[in-house]
Amino acid sequence: MPDKILIVDDDPAVCKLLEKVMHSNNLETTVADSGLAALNHLKNHSYDLILLDVMLGDMEGFEVIKRLRSQGIQTPVMIVSGRNEDYDSLYGLSLGADDYITKPFRPLVLGAKVKALIRRNKNQILNTSDTLESGPFTFSVSSMRFYKNGEEIVLSSKESSLMLLFIRHPNQVFTKDMIYEHVWGDNIAVDDNAIMVYINRLRGKIEEDRQKPAHIVTVRGLGYRFIP
């Protein structure tokens, strides 16, 4: 059965192009021409990845991400936008998007990034089916649910990947390159600021004071260490 892609864009020409690229990669597509339509689709159907424009007729793509993540929907999101400001990509990542590509895009690159993101997300889910515990934290890998002191904390798919890396290797120092390889894959180019965005998001969710982190600490000149 082919993987399913939800395309969210209010430009019919762009939707047609995205469908063509996805079909050439043996992926099944559904199109939503507004943010509300996309959210309605996600209430009733599951997808392997969402391709999301920022500028929609009824709401910004950023608002779509906020709503679906607040509902606990962890489907990977790739923003496909004509806006190429660093702020937009970093803001999208901070809300829970997993990748960002600008228009005009190269079809071969988009197809490769989509398939890599789907594969990595599936591998993350299928790697193990046990429950990981470390200090006050618990991660149910089979259901991809994360808890601190028994209280669930909702994570995006990339935040989950990063948290899994940390919780499986407590007290180990991870450089940025190591995090790129484990979380994004070393064949995907990631902006240097992306890791900082996710680290800050995780700190905001699991630390008592993100300015004085006790669990995800910076090892100056090297990278980051997770302390349970």
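Coordinates for the structure precede this section.
Source: prediction; values computed, not measured. (Residues numbered from 1 in each chain as written. Predicted model: local features only at pLDDT ≥ 70, side-chain atom pairs only at ≥ 80, totals over all residues. Heavy atoms only, no water.)

Visitor: Help me understand the sheet that holds strand β10 (residues 173-174) in this model?
Guide: Across the sheet, which stays open at both edges, the three strands sit in the order β10-β12-β11 with antiparallel pairing between neighbours. Strand pairing shows two members of the sheet lacking a second neighbour, β10 and β11 (216-219), which therefore form its edges. One ladder, built from four bridges, connects β11 with strand β12 (residues 223-226); its direction is antiparallel. Bridging across to β12, Val219 finds its partner in Gly223. Against the sheet, helix α6 (residues 157-168) contacts β10, β11 and β12, and its axis sits at roughly 65 degrees relative to β12. (Pairing = 2+ DSSP bridges. Helix = DSSP H or I, 4+ residues; strand = E, 2+ residues; numbered from the N terminus. Contact = heavy atoms within 4.5 Å. Axes fitted to C-alpha atoms, helices over the stretch in contact; angles between N-to-C directions.)

Visitor: Please clarify how a negative patch on the surface should be interpreted in this entry.
Guide: There is a patch of like negative charges on the surface, built from Asp10, Asp11, Asp33 and Asp58. Along the polypeptide, Asp11 turns up in the loop between β1 (4-8) and α1 (12-24). Residue Asp11 is classed as partly exposed on the basis of its relative accessible area, which comes to 32%. (Patch = residues over 30% accessible without salt bridge, like charges linked within 9 Å, V, L, I, M, F, W, Y side chains within 5 Å. Areas by Shrake-Rupley, 256 points an atom, 1.4 Å probe, with all protein chains shown as cover. Salt bridge = Lys/Arg side-chain N within 4 Å of Asp/Glu carboxyl O. Lys, Arg positive; Asp, Glu negative; His and termini not counted. Charge placed at Lys NZ, Arg CZ, Asp CG, Glu CD. Buried < 20%, exposed > 50% of the residue type's maximum accessible area, 1.4 Å probe, protein only.)

Visitor: Explanation requested: α6 in the structure shown.
Guide: An α-helical turn contains 3.6 residues, so a residue and the one three or four places further along point in the same direction. Taking 1.5 Å as the rise per residue, α6 with twelve residues should run 16 Å; its terminal C-alpha atoms sit 16 Å apart, in good agreement. Buried residues dominate α6, accounting for eleven of its twelve residues. (Expected span 1.5 Å × (residues − 1).)

Visitor: I would appreciate a short explanation of the packing of helix α2 (residues 35-44) against helix α3 (residues 61-70) in the present structure.
Guide: Where α2 contacts α3, the axes come no closer than 10 Å and their chain directions differ by 20 degrees. Here α3 runs roughly parallel to α2, going by the angle between their axes. Once α2 is placed against α3, the crossing between them reads as right-handed. Judged by residue contacts, Gly35, Leu39 and Leu42 of α2 engage Val64, Arg67 and Leu68 from α3. Grouping the amino acids of the contact of α2 with α3 by side-chain chemistry returns four nonpolar, one polar and one charged. (Parallel < 35°, antiparallel > 145°, perpendicular 65-115°, else oblique. Left-handed = near helix turned anticlockwise from the far one by under 90°. Nonpolar A, V, L, I, M, F, W, Y, C, P; charged D, E, K, R; others polar.)

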